[in-house]
Amino acid sequence: MIENISYAWLHDGVSLLLAPALLALLAACAIAALEAGIAVGERFSGLAKLRAAGNAARVQALARHRLERADLLARIPPMLGLMATIIPLGPGLAALGQGNPAQLASAVTVAFDATVLGLVAGIAGLVIGKLRRRWYEETLDAMEQAA
């Protein structure tokens, strides 16, 4: 009896996490698009301006800040995608056990969509982070050679 109550509470609590996880995934995709735009701007004009300014400490601080953002973007959305994948599968499988395959189909669709969103944002963060790392290293090397 007590086990059934605790399991129901646990299930209800975990189910409440689905909507925030999906909203966070949508936000992560928007942030990934924004970060990609910022990275393009950095590549074509921002890094040249930083190099011309000659302040290596400023470049290092900016690089650290932007690389941390890209690293978080590469790591957190895939975890959220996994979380938003697993949450709807429990009720979907329970519905299948009760003879409701339509609810399972809906749950699987949400689960796979969440996975894709998490991977898209994570891949964008990984690519942006790798490119930025190389661009900032090249900029700092050029600044050191000029000094």
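Along each chain, the written sequence defines residue order, and numbers are assigned to residues from 1. Given that the model is predicted, a residue must reach a pLDDT of at least 70 before its local features are reported, and side-chain atom pairs must reach 80 or more before they are shown or counted; all residues, however, enter totals for whole chains, interfaces and linings. With hydrogens and water excluded, all non-hydrogen atoms of the structure serve as input to the side-chain values.

### Focus on the environment of Ala105
For clarity, the cut-off: A run of DSSP states H or I qualifies as a helix once it reaches four residues; a run of E qualifies as a strand once it reaches two. Both are numbered from the N-terminal end.
Within the secondary structure, Ala105 sits in helix α4 (residues 101-146). Sequence separation between Ala105 and Glu137 is 32 residues, and the spatial gap between their C-alpha atoms is 48 Å.

### A few points about the environment of Ala94
Mapped onto the fold, Ala94 is located in helix α3 (residues 56-97). Once the C-alpha coordinates of Ala94 and Leu104 are considered, the two residues, 10 residues apart in sequence, prove to be 8.2 Å apart.

### Comments concerning the packing of helix α2 (residues 18-53) against α4
Spelled out, the test is: Whenever a helix is involved, its axis is fitted only over the stretch in contact; in every case the axis is a line through C-alpha atoms, and angles between N-to-C directions fall within 0 to 180 degrees. Roughly parallel means an angle under 35 degrees; roughly antiparallel, over 145; roughly perpendicular, 65 to 115; everything else is oblique. Throughout, a crossing is termed right-handed when the near helix is turned clockwise from the far one, and left-handed when it is turned anticlockwise from it by less than a right angle. Residue polarity follows a fixed list, in which Ala, Val, Leu, Ile, Met, Phe, Trp, Tyr, Cys and Pro are nonpolar, Asp, Glu, Lys and Arg are charged, and the others, Gly among them, are polar.
Running from N to C, α2 and α4 point in directions that differ by 15 degrees, and their axes come no closer than 9 Å. It follows that α2 is roughly parallel to α4 by the angle criterion. Handedness of the crossing formed by α2 with α4: left-handed. Residue composition of the contact of α2 with α4, grouped by class: 21 nonpolar, two polar and six charged.

### Points about the packing of α3 against α4
Remark: α3 packs on α4, axes separated minimally by 8 Å, with the N-to-C direction vectors making an angle of 170 degrees. Looking at the two axes, α3 sits roughly antiparallel to α4. Of the residues contributing to the contact of α3 with α4, the split by class is 30 nonpolar, 11 polar and five charged.

### What about the nonpolar core?
A general tendency of soluble globular proteins is for nonpolar side chains to be buried together. How we decide: Nonpolar cores are built from buried Ala, Val, Leu, Ile, Met, Phe, Trp, Tyr and Cys residues. Side-chain atoms within 4.5 Å join them into one set. A simple rule labels every residue: compare its accessible area, found with a 1.4 Å probe on the protein chains alone, to the largest value its type can have, and call it buried under 20%, exposed over 50%, or partly exposed in between.
Listed in full, the 12 residues of the largest apolar core are Ala39, Leu47, Leu50, Val59, Leu62, Ala63, Ala70, Ile128, Trp135, Tyr136, Leu140 and Met143. Where this core is concerned, the elements lending two or more residues are α2, α3 and α4. Counting residues per element, this core draws most heavily on α4, at five residues. If you look at the next biggest cluster of nonpolar residues, it comprises seven residues, including Ala21, Leu25, Ala84 and Ala114.

### Describing the confidence of the model for the protein
Detailed reading of the predicted coordinates is not advisable wherever pLDDT falls low. Basically, it comes down to this: pLDDT expresses, on a scale from 0 to 100, how confident the predictor is about each individual residue.
With 96% of its residues at a pLDDT of 70 or more, the protein has an overall mean of 91. Within the protein, helix α1 (residues 2-15) has the poorest average pLDDT of any element, 73, and α2 the best, 94.

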